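So you can see what is in the structure, the chains are spelled out below.
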Amino acid sequence: MPELPEVETIVSDLRPLLTGRRIESVRLTLDRMVRYPSPRAFVRRLRHRRIEAVHRRGKYIVMPLEQDQRLVIHLGMTGHLRVVEPGDPLARHTHLRMGLDDRRELRFDDQRQFGRLLLGAEAELLGAGAMPRLGPEPIHGDLTETEFGELVRSRHRPVKAALLDQSFLAGVGNIYADEACFRARIRPSRRTDRLTVAERRGLYAAIQEVLSSSIAARGSSIINYVDGFGIPGNNQGQLLVYGRGGEPCVRCGSLLTWTRLAGRGTVYCRQCQR
Ligand SMILES: [Zn+2]
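Definitions and limits used
- Residues numbered from 1 in each chain as written.
- Predicted model: local features only at pLDDT ≥ 70, side-chain atom pairs only at ≥ 80, totals over all residues.
- Core = buried A, V, L, I, M, F, W, Y, C linked by C-beta atoms within 7 Å.
- Buried ≥ 20, exposed ≤ 12 C-beta atoms within 10 Å, placed from the backbone.
- Helix = DSSP H or I, 4+ residues; strand = E, 2+ residues; numbered from the N terminus.
- Domains from an automatic or database assignment.
- Contact = placed C-beta atoms within 7 Å.
- Pairing = 2+ DSSP bridges.
- Axes fitted to C-alpha atoms, helices over the stretch in contact; angles between N-to-C directions.
- Expected span 1.5 Å × (residues − 1).
- Arc of directions from axis to C-beta.
- Parallel < 35°, antiparallel > 145°, perpendicular 65-115°, else oblique.
- Left-handed = near helix turned anticlockwise from the far one by under 90°.
- Nonpolar A, V, L, I, M, F, W, Y, C, P; charged D, E, K, R; others polar.

Description of the nonpolar core
Thought 1: Within the largest apolar cluster, 62 residues are counted, with the highest numbers of intra-cluster contacts made by Ile 61, Ile 73, Leu 163, Ala 180 and Cys 181.
Thought 2: With seven residues, helix α6 (residues 174–184) is the single largest residue contributor to this core.
Thought 3: Looking at which domains feed residues into this core, each of domain 1 (4–127) and domain 2 (145–268) gives three or more.
Thought 4: Ignoring any residue separated from it by four or fewer positions in sequence, one finds Ile 61 in contact with Val 7, Ile 10, Val 11, Arg 56, Ile 73 and Leu 81.

Here we look at the domain arrangement of the protein chain
The figure often quoted for interface size is the accessible area lost as the parts come together.
Thought 1: What the domain assignment lists for the protein chain is domain 1 (4–127) and domain 2 (145–268).
Thought 2: For domain 1 versus domain 2, the distance between C-alpha centres works out to 28 Å.
Thought 3: Facing 15 residues of domain 1, the contacting portion of domain 2 comprises 21 residues.
Thought 4: Here the side of domain 1 that touches domain 2 takes eight residues from helix α1 (residues 4–18), the largest share from any one element.

A word on the sheet that holds strand β5 (residues 70–74)
Thought 1: Taking strand neighbours across the sheet as the criterion, the five strands line up as β2-β9-β5-β4-β3 in an open arrangement whose pairing is mixed. One side of each edge strand has no neighbouring strand; the edge strands of this open sheet are β2 (34–36) and β3 (55–57). Geometrically, the sheet is characterised by an average inter-axis angle of 25° between neighbouring strands, direction not taken into account.
Thought 2: As paired elements, β3 and strand β4 (residues 60–64) share three bridges and run antiparallel to each other.

Observations concerning the pairing of strand β10 (residues 257–261)
Side-chain positions along a regular strand alternate between the two faces of the sheet.
Thought 1: In this structure, β10 lies alongside strand β11 (residues 264–268), joined through five bridges in antiparallel fashion. Residue pairing across strands places Thr 257 opposite Tyr 268, the latter belonging to β11.
Thought 2: Linking β10 back to β11 in an antiparallel pair, the connection comprises two residues, with Ala 262 at a positive phi of about 50°.

Details of the environment of Asp 165
Thought 1: Topologically, Asp 165 is positioned in the loop between α5 (159–164) and α6.
Thought 2: Residues Asp 165 and Ile 186, spaced 21 residues apart in sequence, show a C-alpha to C-alpha distance of 18 Å.

Concerning helix α7 (residues 197–216)
Thought 1: The terminal C-alpha atoms of α7, which comprises 20 residues, lie 29 Å apart, in line with the 28 Å expected from a rise of 1.5 Å per residue.
Thought 2: Of the residues making up α7, those classed as buried are Arg 200, Leu 203, Tyr 204, Ile 207, Val 210, Leu 211 and Ser 214. Buried positions in α7, seen along its axis, are confined to an arc of 140° and lie on one side of it. Turned more than 90 degrees from where α7 packs its buried face, Val 197 and Ala 198 sit exposed.
Thought 3: Two residues or fewer after α7 comes Arg 218, characterised by a positive phi angle close to 65°.

A short note on the sheet that holds strand β1 (residues 23–28)
Thought 1: Across the sheet, which stays open at both edges, the four strands sit in the order β1-β7-β8-β6 with antiparallel pairing between neighbours. Every other strand in the sheet has two partners, leaving β1 and β6 (79–84) as the edge strands with one partner each. Between one strand axis and the next, the sheet turns by 15° as a mean value, whatever way the strands run.
Thought 2: Of the pairings in the sheet, the one linking β6 to strand β8 (residues 105–110) comprises six bridges and is antiparallel in character. By the bridge assignment for β8, Val 83 is matched with Leu 106.

What about the packing of α6 against α7?
Thought 1: Between α6 and α7, whose axes approach to 8 Å, the crossing angle comes to 130°. With respect to each other, α6 and α7 are oriented oblique. In this structure, the crossing between α6 and α7 has a hand that is right-handed. In this structure, α6 uses Tyr 176, Glu 179, Ala 180, Arg 183 and Ala 184 to contact α7, whose residues at the interface are Glu 199, Gly 202, Leu 203, Ala 206, Ile 207, Glu 209, Val 210 and Leu 211.
Thought 2: In the contact of α6 with α7, the residues fall into eight nonpolar, one polar and four charged.

Remarks on unusual backbone geometry
Thought 1: Pro 37 follows Tyr 36 through a cis peptide bond whose omega is -10°.
Thought 2: You can see Pro 37 is positioned in the loop between β2 and α2 (39–46).
Thought 3: Although it is not a glycine, His 93 adopts a positive phi angle of roughly 65°.
Thought 4: Position of His 93 relative to the elements: it lies in the loop between β6 and β7 (94–100).
Thought 5: You can call His 93 partly exposed: it has 17 C-beta atoms within 10 Å.
Thought 6: Not every positive phi belongs to a glycine, and Arg 218 is a case in point at roughly 65°.
Thought 7: Following the sequence through the fold, Arg 218 ends up in the loop between α7 and β10.
Thought 8: A count of 24 C-beta atoms within 10 Å places Arg 218 in the buried class.

Encoded structure:
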């Protein structure tokens, strides 16, 4: 599933292509991708609006439109969002096509169909429960080390579960939660309120490090992630524990442990992570 670095990459790819463009036509071919409002209202309210900006919030792509509306896209597990030339062949599982005023098209395809499309004013989407309340962004200076420490101390749950909780911290998913715990030498099952000050600092630094280095490498291509141009990222080769259960630890050589935690496959080193 695309996490913060992958969504950040897509957003920065699409921003120059979409900002200022007007949506001339909308073709929705799978109604249930739209979670808010009704599919019919979604199409009607989207048509003829100008895209004012392209942002990321957590794992969501957020496009403020004219008249205080915003188009919000979650890529789910296998969603792709791309700007293409009008004659480009249609990718399989394309569910939404938006014709732009420069004759290009913004297309959304999603094989597994866990993606979601939302449209409305910010307060409207929050009020309707269509958009969850998200925790702070872990990078770009939105969250200081002290604030992170307070946040961690106030929760009484496994570190892995806290990191996956989007109301705690926005944008971290299974890949970067495991990677951050490994770099910080913390077992994913440790309780957040039992971490020492030094461990909280280490975890804060590790989260920033894994996210920033993945953004620099244009994301990790797990399953079928590609960037805004349809090209895979380069970070998957730099992952130290994710997807490597049973393989030797790069630090100590002992075999990495695979377990299930917070409902997700979790990989860690019994020797290095305490
Ligand atoms: Zn190790």
